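Residues per chain, in single letters:
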Number of protein chains: 2
Amino acid sequence: MSQPHTPTARTRVIREPHRGVYDRATVYDILDAGFLCHVGFVADGQPFVIPTSYGRQDANLYVHGSAASRMLRRMKEAVPVCVTVTLLDGLVLARSVFNHSMNYRSVVILGTASLVEEPAEKLEALRTLSEHILPGRWDDARQPNQRELKQTSVLCLPIEEFSAKVRTGPPIDDEEDYSFPTWAGVVPLEMVAGTPIDDPRLDAKIDVPAYLRPYSRRR
Amino acid sequence: MSQPHTPTARTRVIREPHRGVYDRATVYDILDAGFLCHVGFVADGQPFVIPTSYGRQDANLYVHGSAASRMLRRMKEAVPVCVTVTLLDGLVLARSVFNHSMNYRSVVILGTASLVEEPAEKLEALRTLSEHILPGRWDDARQPNQRELKQTSVLCLPIEEFSAKVRTGPPIDDEEDYSFPTWAGVVPLEMVAGTPIDDPRLDAKIDVPAYLRPYSRRR
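For every chain, the first residue of the written sequence is number 1, and numbering continues from 1 along that sequence. Numbering of ligands from 1 and lettering of chains from A proceed in the order in which they are written. At least 70 in pLDDT is required for a residue's local features to be given in this predicted model, at least 80 for side-chain atom pairs to be given and counted, and no such filter applies to totals for whole chains, interfaces and linings, which use all residues.

(A) Local environment of the interface of chain A and chain B. Opposite the 78 residues of chain A that make contact, chain B presents 78 residues. Looking at the side of chain A that touches chain B, the elements that each hand over two or more residues are β2 (36-43), β3 (46-53), β6 (80-93), β7 (101-112), α3 (119-133), β11 (185-193) and β12 (197-198) of chain A. A run of DSSP states H or I qualifies as a helix once it reaches four residues; a run of E qualifies as a strand once it reaches two. Both are numbered from the N-terminal end. Top element by residues in the side of chain A that touches chain B is β11 of chain A. It accounts for nine residues. Bridge analysis of β12 of chain A against strand β11 (residues 185-193) of chain B gives two bridges, and the strand direction is antiparallel. Note that in β11 of chain B the partner of I197 of chain A across the bridge is V186 of chain B. We call two residues in contact when the distance between their C-beta atoms, placed using the backbone, is within 7 Å. Two strands make a pair as long as DSSP finds a minimum of two bridges between them.

(B) Highlighting the pairing of β2 of chain A. Residues and elements named next belong to chain A. Exposed residues have 12 or fewer other C-beta atoms within 10 Å of their own C-beta, buried residues have 20 or more, and residues in between are partly exposed; the C-beta atoms are placed from the backbone. In terms of burial, β2 is a largely internal element, six of the eight residues being buried. Inspection of the sheet shows β2 paired to β3 by eight bridges, in the antiparallel sense. When the sheet's bridge partners are listed, C37 is paired in β3 with T52. What sits between the antiparallel neighbours β2 and β3 is a turn of two residues, in which D44 has the positive phi angle 50 degrees. With three bridges joining them, β2 and β6 adopt antiparallel strand pairing. Bridge pairing links G40 to C82 in β6.

(C) Spotlight on the environment of F35 of chain B. Residues and elements named next belong to chain B. Among the structural elements, F35 can be located in the loop between α1 (24-33) and β2 (36-43). The sequence separation of F35 and S130 amounts to 95 residues, and the corresponding C-alpha distance is 9.9 Å. When near neighbours in sequence (up to four residues on either side) are disregarded, F35 contacts S53, Y54, H132 and I133.

(D) Seen up close, the relation of the copies chain A and chain B. We place the copies in one frame by least squares, fitting the C-alpha atoms of every residue whose pLDDT is at least 70 in both. Between the two copies, chain A and chain B, the superposition gives an RMSD of 0.0 Å; the rotation angle is 180 degrees and the shift along the axis is 0.0 Å. Both copies of the chain, as the preceding transformation shows, are related through a two-fold rotation axis. The rotation axis passes nearest to the C-alpha of M191 of chain A in chain A, at a distance of 2.1 Å. Mapped onto chain B, 100% of the interface residues of chain A are again interface residues, and the two copies thus contact each other with one and the same surface.

(E) View of the environment of A184 of chain A. Looking at the secondary structure, you find A184 of chain A in the loop between β10 (161-167) and β11. The exposure class assigned to A184 of chain A is buried, which follows from the 26 C-beta atoms found within 10 Å. For the pair A184 of chain A and V83 of chain A, spaced 101 residues apart in sequence, the C-alpha to C-alpha distance is 33 Å. Setting aside chain neighbours within four positions, we find A184 of chain A in contact with L93, A94, R95, P171 and D173 of chain A together with D199 and L202 of chain B.

In structure tokens:
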């Protein structure tokens, strides 16, 4: 069920406003189809953009990392951040160079992240992150111990100020270009998983688990 | 040919320093294998991270967009930016949740972009962008006219202050975890192109061009 959402001046899509999507359900679908985000933060006036994995639970987005990392150290200071998720769906080849485009789904979330410190909540956030990427894996792997939990920082960003931008479909050429003699259309792009590669030290008696066959981000 | 490069305090990889790569040739290989970057910039103290395509020519990275977009308007003001390119190569499943990871190649470039204004240089930069994504397409499409060139802004970011971070290979578990009874290994991930989809208005006499068969970002 989608809740109404009004973009702020900062999240309203300016360029190609008809591609702006402010519907919470659509945004959650995009976030749930991906697991890699790019986190933007500022340090000494310089923006940094760092790739990391994420998980979503309701209106919370979780990221985690080493407590020693530049990103986590900075984000813990309750500074403004931007988390962007981009799913690339295709190259859009128009007749004119100018009207070439890409099909994509992207989400931008602005806000301030906070450190998840309560132990049960932190463990649950880590489980959310793990299950977001690979459902079924958490229960099948060795759980985090106290030392590992201490080395890991988890941050929560509320999904409050956000927008999405989505392009789908064929190229849109200027009317006079439709007679230009070149191929036009879409080259679909998709992130696909290959055959799992056993760890060289894997016990030969252990098979690839059911939750990995087939692994796909298609949603 | 790789030139020596020393990271600055801002680009030196802090977390897992052995994964830091400062070799210009490796960085160019990563940049040339991708075509989607995430651009970080700051406006009113708020970082923004926007996905966009890019092209590379020698030590210059080019991005383009509508002169009306938030990103281009801001970047033209000669503010500090961060451009990050991330190629995701696999999920790394260790025995312990803690040692799960991803295989990836990422590049972070810091600097100040400048507007490419000289007409011949601007056209050449647009050609670089086009050929970076799809070699052969530029000459086969209708070239930009004066009106379109005016609506498009091109920015150049020198590849001067940068670093890469690369993870490859199997999971690395704590020694005592190797006997933990779960599957471990790598799930390869790859961006693949599907069969080109004709534009509904395509002239039936026009075939898919040779430069699209097969299209791959594998390098």
